[in-house]
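Examining the three-dimensional arrangement
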Amino acid sequence: MCKETKTPKKPSLAYAIITLVALIAFVVICYSLLKIPIMIALLFSWFVLGAFALGLGYTMKEIEKAITEMIKIGVGLFALLLAVGCMISMLLAGGAVPTLVLWGLKIITPKIFLSVAFTLCAVVGLATGTSWGTTSTIGVAMMGVGLGLQIPAPMIAGAVLSGSCLGTICSPVSDGPLLSATVCNIDILRHCKHLISVALPAFIVSLIGFLILGATKATGTYDPTAINEIIAAIEGNFKTGIIPLIPLIVIVVLLIMRKPATTAILIGALIGAGITVCYQGYSIADVGAYLASGFKISTGNSILDPILNRGGVSSMLNLIATVVASLGIGGIMKDCGTMDVIVEALHKKVRTRAGITTVALLGNTICDLMVSTNYFATVINNTMLCPLYKQLGYAPENCSRINGFLAVIILDFFPWTLGAVFATSTLGVPTQEYFPYMFFFFAAAFIVLLYGYTGWFMKKLDPNEDNG
């Protein structure tokens with residue numbers, strides 16, 4: 001902050017809490033009651049926080065500087081999100097996603113359908129980094145196929161949501177991990193690597209659960225017409241096989257080699273563009289349009305078309321706006337000392353690992369229930385709790401991991417939250433019906449909380465690493 005003749009006051013704990021409550025109330029009223037888009041609600045909440053900052057003696061110039069300085073932290077994230085939009089469009093146009101869908105459909109039988117749907121949604125979710133995109137595309141396709149196999153709709157929805165959730169929590173190209181890593185000021189690959197200790201066992205437990213469920217509950221015969229029509233549409237519009245998967249393979253290899261994520265993804269998108277032109281037969285002008293506005297195709301199949309028509313730089317603009325607004329909130333609260341005062345109070349009351357874990361659970365639940373978006377919960381809880389983890393000698397990725405999982409998982413547990421409303425409206429299954437089959441949600445929540453309370457798989461601070 002710029003030094004002024006008049007020194008701003010440090011907020012009291014009561015003032016800080018009132019500020020936080022006012023922020024949450026404003027966002028809730030705008031988003032839930034007035035139906036204002038979340039990015040606009042978060043953006044104009046700057047005025048709410050600005051008023052409290054002015055009350056402490058900060059100038060408008062200082063407030064603006066606090067906002068811009070925090071947003072600067074996200075510049076790399078913005079570039080990465082734009083690269084992700086390009087990559088998704090090229091994985092679609094180049095045939096990578098169609099190939100994965102095709103292979104998945106060809107091995108489906110009623111007994112293994114739920115496990116295949118779960119795995120396919122997980123793979124596509126990890127590749128594209130979006131649970132909602134996967135749910136509204138692959139998930140919708142799996143609902144149609146599963147109903148044709150006479151599998152109960154709630155079971156299909158549970159498998160789809162479980163698989164899709166894995167991508168949005170764990171993919172290095174997903175907005176959730178990117179935002180969580182940014183707020184905790186750690187490298188995205190370092191964050192995602194720490195997630196594996198939760199994601200892998202939760203995936204295995206869920207896969208076994210869906211295999212058992214399919215083997216015991218899948219009954220009757222099915223008409224393969226719907227599946228054959230999707231397969232025919234893919235084979236009639238794309239050249240499939242290993243070649244379309246090369247961009248995806250290259251991206252994974254580069255990320256494993258710890259190359260910068262933005263560079264790796266752009267290289268994959270560039271290779272995908274080459275395959276789209278040279279292998280799929282599209283023009284360079286088509287590729288340019290797809291990179292900007294997303295892939296566009298009409299296969300004649302009503303189930304397949306929604307899977308394929310998306311991506312592009314334009315698909316990331318709303319998300320970037322939301323992240324900018326969220327970072328602005330963090331900048332004001334950080335520079336005005338609001339979060340510092342709350343953290344100091346927590347330091348006095350919460351002195352154990354179990355205490356922080358409980359605060360993370362309650363904090364994410366409250367934020368998700370009131371604001372109904374994981375972005376808000378991620379920003380608030382990581383900002384408050386990351387210093388507490390460091391104080392106890394734990395690396396910041398422990399904080400980003402527990403909040404990264406809980407902020408997303410809790411959204412689909414309650415029928416009135418945005419995640420649950422989206423899932424119900426997209427898949428046509430009420431929350432209370434698919435709730436018992438959300439195996440990955442239950443497994444991941446149990447494991448991440450278990451680690452928090454026991455200290456298992458919790459990394460200690462390393463003085464040789466940048467710990468934010």
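Please refer to the structure higher up on the page.
Residues numbered from 1 in each chain as written. Predicted model: local features only at pLDDT ≥ 70, side-chain atom pairs only at ≥ 80, totals over all residues. Heavy atoms only, no water.

Let's shift gears to the pattern of salt bridges. This structure, assessed with the given rule, holds four salt bridges. Between Glu235 and Lys106 there is a salt bridge, with the nearest N and O atoms lying 3.1 Å from each other. Of the two residues, Glu235 sits in helix H11 (residues 225-237) while Lys106 sits in helix H5 (residues 96-106), which places them 129 residues apart along the sequence. The partner of Glu397 in a salt bridge is Lys459, with the nearest N and O atoms 3.4 Å apart. On the criterion of sequence distance, the pair formed by Glu397 in helix H20 (residues 396-409) and Lys459 in the segment after helix H23 (439-454) is long-range, its members being 62 residues apart. Taking the relative accessible area as the measure of exposure, Glu397 reaches 1% and is therefore buried. Judged by its relative accessible area of 29%, Lys459 falls in the partly exposed class. Among the charged side chains, a network of salt bridges with common partners joins Arg190, Glu397 and Lys459. (Salt bridge = Lys/Arg side-chain N within 4 Å of Asp/Glu carboxyl O. Helix = DSSP H or I, 4+ residues; strand = E, 2+ residues; numbered from the N terminus. Buried < 20%, exposed > 50% of the residue type's maximum accessible area, 1.4 Å probe, protein only.)

Time to look at empty space enclosed by the protein. On inspection of all chains with the given rule, the structure shows three cavities of 30 Å³ or more. Volume-wise, the largest cavity comes out at about 50 Å³. Along the walls of the largest cavity sit Tyr15, Thr19, Leu49, Phe52, Ala53, Leu56, Ile332, Met333, Cys336 and Thr338, which together make up its complete lining. Breaking the lining of the largest cavity down by element, the ones donating at least two residues are helix H1 (13-33), helix H2 (38-55) and helix H16 (317-335). Considering every element that reaches the lining of the largest cavity, the biggest residue donor is H2, with three residues. Residue composition of the lining of the largest cavity, by class: eight nonpolar, two polar and no charged. If you add up the space inside the second largest cavity, you get close to 40 Å³. (1 Å grid on protein atoms, 1.4 Å probe; cavity = no way out; pocket = protein on both sides within 12 Å on 5 of 7 lines; lining within 4 Å. Points joined across faces, edges and corners; volume = space filled by probe spheres on them. Nonpolar A, V, L, I, M, F, W, Y, C, P; charged D, E, K, R; others polar.)

The next thing to look at is helix H9 (residues 175-183). Of all nine residues that make up H9, eight are buried, and the element is covered over most of its length. Those residues of H9 that sit buried are Asp175, Gly176, Pro177, Leu178, Leu179, Ser180, Ala181 and Thr182. Where H9 ends, the next residue or the one after it, Asn185, has phi of about 60 degrees, a positive value.

Moving on, we get to the nonpolar core. Ranked by size, the top nonpolar core spans 161 residues in total, and within it Phe113, Leu385 and Phe405 carry the most contacts. No other element matches helix H4 (residues 75-93), which puts 13 residues into this core. Residue contacts for Phe113: discarding those within four places in its chain leaves Ile108, Met142, Val145, Gly146, Leu149, Ile151 and Ile156. (Core = buried A, V, L, I, M, F, W, Y, C linked by side-chain atoms within 4.5 Å. Contact = heavy atoms within 4.5 Å.)

Looking now at the state of the cysteines. One pass over the full model with this rule turns up zero disulfides. Its sulfur unpaired, Cys86 is 18 Å from the next cysteine sulfur, which belongs to Cys278. (Disulfide = S-S within 2.5 Å.)

Phi at Asn185 is positive, roughly 60 degrees, even though this residue is not glycine. Mapped onto the secondary structure, Asn185 falls in the loop between H9 and helix H10 (188-217). We classify Asn185 as partly exposed; its relative accessible area is 41%. Its identity as a non-glycine residue notwithstanding, Phe457 has a phi of 55 degrees, on the positive side. Topologically, Phe457 is positioned in the segment after H23. Residue class for Phe457 comes out exposed when judged on its relative accessible area of 54%.

Each pocket or cavity is described by its volume, and for the second largest pocket that value is around 740 Å³. Lining the second largest pocket are 24 residues, with Leu126, Cys170, Ser171, Pro172 and Val252 sitting closest to its centre. For the lining of the second largest pocket, the elements supplying multiple residues, two or more each, are helix H6 (113-128), helix H8 (153-170), H10 and helix H12 (246-256). Broken down by element, the residue count for the lining of the second largest pocket peaks at eight residues, all from H10.

It is worth spelling out the packing of aromatic side chains at this point. Within the structure shown, the criterion is met by 14 aromatic pairs. Ring plane angle 80 degrees and centroid distance 5.6 Å describe the contact between Tyr15 and Phe52, whose orientation is recorded as edge-to-face. Here Phe52 lies in helix H2 and Tyr15 lies in helix H1, a separation of 37 residues in the sequence. Aromatic rings pair up to connect Phe118, Phe203, Phe210 and Phe439 into one cluster. The ring of Tyr279 has Lys239 lying over it, and the distance from NZ or CZ to the ring centre is 5.5 Å. Positioned over the ring face of Tyr394 is Lys460, at 4.3 Å from the centre of the ring. (Phe/Tyr/Trp six-rings, centres within 6.5 Å; stacked < 30°, edge-to-face > 60°. Lys NZ or Arg CZ within 6 Å of the ring centre and 35° of its normal.)

For any two helices packed against each other, the geometry is given by the interaxial angle and the distance between the axes. H8 packs onto H6 with a crossing angle of 25 degrees between their chain directions and a minimal axis gap of 7 Å. As the angle between them shows, H6 and H8 are arranged roughly parallel. Note that H6 runs across H8; the crossing there is right-handed. Contacts between H6 and H8 involve Phe113, Leu114, Ala117, Phe118, Cys121, Ala122, Gly125 and Leu126 from the first element and Met155, Ile156, Ala159, Val160, Ser162, Gly163, Ser164, Leu166, Gly167 and Cys170 from the second. (Axes fitted to C-alpha atoms, helices over the stretch in contact; angles between N-to-C directions. Parallel < 35°, antiparallel > 145°, perpendicular 65-115°, else oblique. Left-handed = near helix turned anticlockwise from the far one by under 90°.)

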